[in-house]
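# Inside the fold
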Amino acid sequence: MTEQGNRKSSNHWKSSLGFVAAAAGSAVGLGNIWKFPYIAGQNGGGTFVLFYLLCIAIFGIPIMIAEVMLGRTTQSSPLRAFQRLSTRNYGWQFVGLLGIFAGILILSYYSIVAGWGLHYLFLSLVGGFPQDNNPQAYTDLFDSLVQSARLNIWWHSVFMAITTCVVLRGIRGGIERFANWGMLALFILLGMLAIYASTLSGFVPAVKFLFAFSENFTWTSALEALGHAFFSLSLGIGVMLTYGSYLQRHDDVVGTSIAIAIADTVVAIGACLVLFPIAFSVGLEPSAGPGLIFINIPLALLQLPFGRIGLLVFFLLLLLAALTSAISLLEMAVAFLIDSLSWSRSVAGFTMAIFIYLLGIPSAISGGTGFFGAGLKQSLGMTWFEGADYLASNWLLPLGGIGISLFVGWQLNSHQRLNEFSNNSRIGSLAWLYSSWLLIIRWLSPIVITIIMLHNLGVF
Ligand code: TRP
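Overview of the structure. Here the structure is a predicted model, which means the values were calculated and not measured.

## Description of the overall build of the protein
- Counting its regular elements, the protein contains 19 helices and zero strands.
- Here the C-alpha radius of gyration of the protein, 21 Å, is about what a compact globule of 460 residues would show, namely 23 Å.
- By principal-axis analysis of the C-alpha atoms, the protein measures approximately 65 × 45 × 45 Å.
- Relative to its full complement of 460 residues, the protein shows a buried share of 58%.

Shown next as structure tokens:
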């Protein structure tokens, strides 16, 4: 039951390198540059990093293969992909719908954090940072940004506008072209920062921190590492499925998935190798939490030689990473409208962008004292922004991951599965690799992800 050939060539990537760039662009995002360094710092470094790498290899790559495979084989957006392969069983479509909902929700608050990055890029350009090295001044600067509805809404608008422009230009002319140049620039900027960081006095202690065994590693750290591996690889909600649906018949699913995971991991570790030496060089700890890149890094960099340029390069890097991820989230939701309602790309793009923009407003004002901020925090314990992140990262992503794993593992026709796996792949011809992969997506990953969710529920 092949479903190929129902798409025009303009609805495919020009080259498989373009696919790898776009998918790696989706994976590499705020998760790598903002979140990974601070959770690695909070969980004590070395052991956490090692465990994270194992999670990527054992769960991340196999589920990535499953997701890309599902997209390529159906040549459809998430909801249609499930509809096509499960004619008698409507429950599966729920997995597709859930993913689309999760993508929309994630982008609505992702854009707010990206907006903070834009504001800091702006401050680096105009030199708007406090003049003295007073940590409190930097904390106040960040707090006042988070609390300001006006600034958050403004940068949210700017970020969503750029993202929408790229998606409206289509797969080849917009997403692929932006990803090719953007990822090239991103790796060059990261390389420059890494060379700079290696000259600092904090470099050796930072490397030790990152790779030496640590004692802070707990059961909760393990779960956090696994959850973050999914988020970082953009898995579980159909983003990789959508990008995989633009692959051609002759592209190699296994090889490209491994390449994407490697690129994502290199950037996550690279970001630590840039940020930790900077923090250590002025005697700051890397365990600062979410404020690490917005408080400690500007504070530290501006005390170091060439700090202002370094800061500019860093926030440019953050912006590029956030944009290519946001583009993938918007594209998934837009592809759903195009595919399900046969809308044109421009109508679907505008409608979806405006919807997500509006949904982001409550997150934008979550730092304030109004209903969505302090109000909800008082009644439910979380602001709207925190609630959206909690719902998406802790529930929707893992649920989607289980759904996709089980669907590809049990529902996909076994001929089709084997074909897709070994198609044009030198790696895929190894039978043991195929059987381990199948074992993981059929059993191991659904069981382990269920354990994480039960833990989140407080069952143990
Ligand atoms: N992976 C991106 C990051 O690390 C975020 C992201 C983009 C994402 N698309 C996604 C996360 C889909 C989950 C699902 O920042």
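## Quick notes on the site of the ligand
- Near the ligand, the surroundings consist of 16 residues, among which A27, G31, Y110, F231 and S234 are the closest.
- Contact between the ligand and A27: an oxygen atom at 3.0 Å from a main-chain N or O atom of the residue.
- Between the ligand and the protein, one listed contact pairs an oxygen atom with a side-chain N or O atom of N32 at 3.3 Å.
- Burial of the ligand by the protein amounts to 100% of the accessible area it has alone, namely 360 Å².
- If you list the elements that add at least two residues to the shell around the ligand, you get α1 (16–27), α2 (30–42), α10 (219–232) and α14 (307–341).

## Here we look at empty space enclosed by the protein
- The full count for this structure, using the stated rule, is two cavities of 30 Å³ or more.
- As a volume, the largest cavity reaches approximately 160 Å³.
- S26, I106, F231, S234 and L329 are, among the 19 residues lining the largest cavity, the residues nearest its centre.
- Those elements that provide at least two residues to the lining of the largest cavity are α1, α2, α5 (91–126), α10 and α14.

## Here's the deal with the pattern of salt bridges
- A complete count under the given rule lists four salt bridges for this structure.
- In this structure, E420 and R249 form a salt bridge, with 3.2 Å as the shortest nitrogen-oxygen distance. Here R249 lies in the loop between α11 (239–244) and α12 (253–281) and E420 lies in helix α18 (residues 414–422), a separation of 171 residues in the sequence.
- Classification of E420 by relative accessible area gives buried; the value is 1%.
- Shared partners join several salt bridges into a network, and the residues in it are R72, R249 and E420.

## Here's the deal with the packing of aromatic side chains
- The tally for this structure, following the rule as stated, stands at 31 aromatic pairs.
- Seen from their ring centres, F82 and F407 are 4.7 Å apart, and the 65° between their planes marks the pair as edge-to-face. Remark: F407 occurs in helix α17 (residues 384–411) and F82 occurs in helix α4 (residues 78–85); sequence separation between them is 325 residues. Considered together, F82 and F407 belong to a single accessibility category, that of buried residues.
- Considering the side-chain rings of F122 and W155, the 5.8 Å spacing of their centres and the 50° angle between planes classify their relative orientation as tilted. Here F122 is found in helix α5, whereas its partner W155 is found in helix α7 (residues 149–168), with 33 residues between them in sequence.
- Here F122 falls in the partly exposed class, since its relative accessible area comes to 39%.
- Residue classification places W155 among the buried residues on the basis of a relative accessible area of 10%.

## Comments concerning the environment of L284
- Tracing the backbone through its elements, the reader meets L284 in the loop between α12 and α13 (292–301).
- Sequence spacing of L284 and N296 is 12 residues, and the spatial spacing of their C-alpha atoms is 7.4 Å.
- Once you skip the residues sitting within four places of it in the chain, L284 turns out to touch A279, N296, L299 and A300.

## Thoughts on α1
- In a regular helix each residue adds 1.5 Å, so 12 residues correspond to 16 Å; α1 covers 16 Å between its end C-alpha atoms and thus fits that length.
- Within α1, 10 of the 12 residues are buried, leaving the element largely enclosed by the surrounding structure.
- Residues G18, F19, V20, A21, A22, A23, A24, G25, S26 and A27 constitute the buried set of α1.

## Remarks on the environment of L317
- Among the secondary structure elements, L317 is positioned in helix α14.
- In sequence terms L317 and L189 are 128 residues apart; their C-alpha atoms lie 6.4 Å from each other.

## Structural notes on the state of the cysteines
- Counted according to the given criterion, the structure contains zero disulfides.
- Considering cysteine sulfurs only, C55 is the nearest to C272, which forms no disulfide, with 15 Å between them.
- Judged by relative accessible area, which is 0%, C272 ranks as buried.

## Describing the layout of surface pockets
- Put simply, the largest pocket is a space of about 1,100 Å³.
- If you go around the largest pocket, you meet 42 residues; those closest to its centre are K35, Y38, D389, Y390 and S393.
- Contributing elements (two or more residues each) for the lining of the largest pocket: α2, α5, α6 (135–147), α10, α15 (345–364), α17 and α19 (431–456).
- Among the elements that line the lining of the largest pocket, the one with the most residues is α17, at eight residues.
- The residue makeup of the lining of the largest pocket, split by class, is 22 nonpolar, 15 polar and five charged.
- Taken as a whole, the second largest pocket encloses approximately 250 Å³ of empty space.
- In this structure, the second largest pocket is lined by 14 residues; those nearest its centre are R7, N11, Q75, I338 and D339.

## Some remarks on the packing of helix α3 (residues 46–74) against α10
- For the pair α3 and α10, interaxial distance at closest approach is 9 Å and the crossing angle is 45°. One finds that α3 runs oblique with respect to α10. Relative to α10, the crossing made by α3 is right-handed. Packed against α3, whose contacting residues are F48, F51, Y52, C55, I56, F59 and I63, the element α10 presents S221, A222, A225, L226, H228, A229, F230 and S232 at the interface.
- In terms of residue class, the contact of α3 with α10 is built from 12 nonpolar, three polar and no charged.

Scoring rules and cut-offs
- Residues numbered from 1 in each chain as written.
- Predicted model: local features only at pLDDT ≥ 70, side-chain atom pairs only at ≥ 80, totals over all residues.
- Heavy atoms only, no water.
- Helix = DSSP H or I, 4+ residues; strand = E, 2+ residues; numbered from the N terminus.
- Rg over C-alpha atoms; globule rule 2.2 N^0.38 Å.
- Buried < 20%, exposed > 50% of the residue type's maximum accessible area, 1.4 Å probe, protein only.
- Near = heavy atom within 4 Å.
- Polar contact = N/O pair within 3.5 Å; in protein donor to acceptor, adjacent residues only side chain to side chain.
- Areas by Shrake-Rupley, 256 points an atom, 1.4 Å probe, with all protein chains shown as cover.
- 1 Å grid on protein atoms, 1.4 Å probe; cavity = no way out; pocket = protein on both sides within 12 Å on 5 of 7 lines; lining within 4 Å.
- Points joined across faces, edges and corners; volume = space filled by probe spheres on them.
- Salt bridge = Lys/Arg side-chain N within 4 Å of Asp/Glu carboxyl O.
- Phe/Tyr/Trp six-rings, centres within 6.5 Å; stacked < 30°, edge-to-face > 60°.
- Contact = heavy atoms within 4.5 Å.
- Expected span 1.5 Å × (residues − 1).
- Disulfide = S-S within 2.5 Å.
- Nonpolar A, V, L, I, M, F, W, Y, C, P; charged D, E, K, R; others polar.
- Axes fitted to C-alpha atoms, helices over the stretch in contact; angles between N-to-C directions.
- Parallel < 35°, antiparallel > 145°, perpendicular 65-115°, else oblique.
- Left-handed = near helix turned anticlockwise from the far one by under 90°.

Nothing here speaks to function; it is all geometry.
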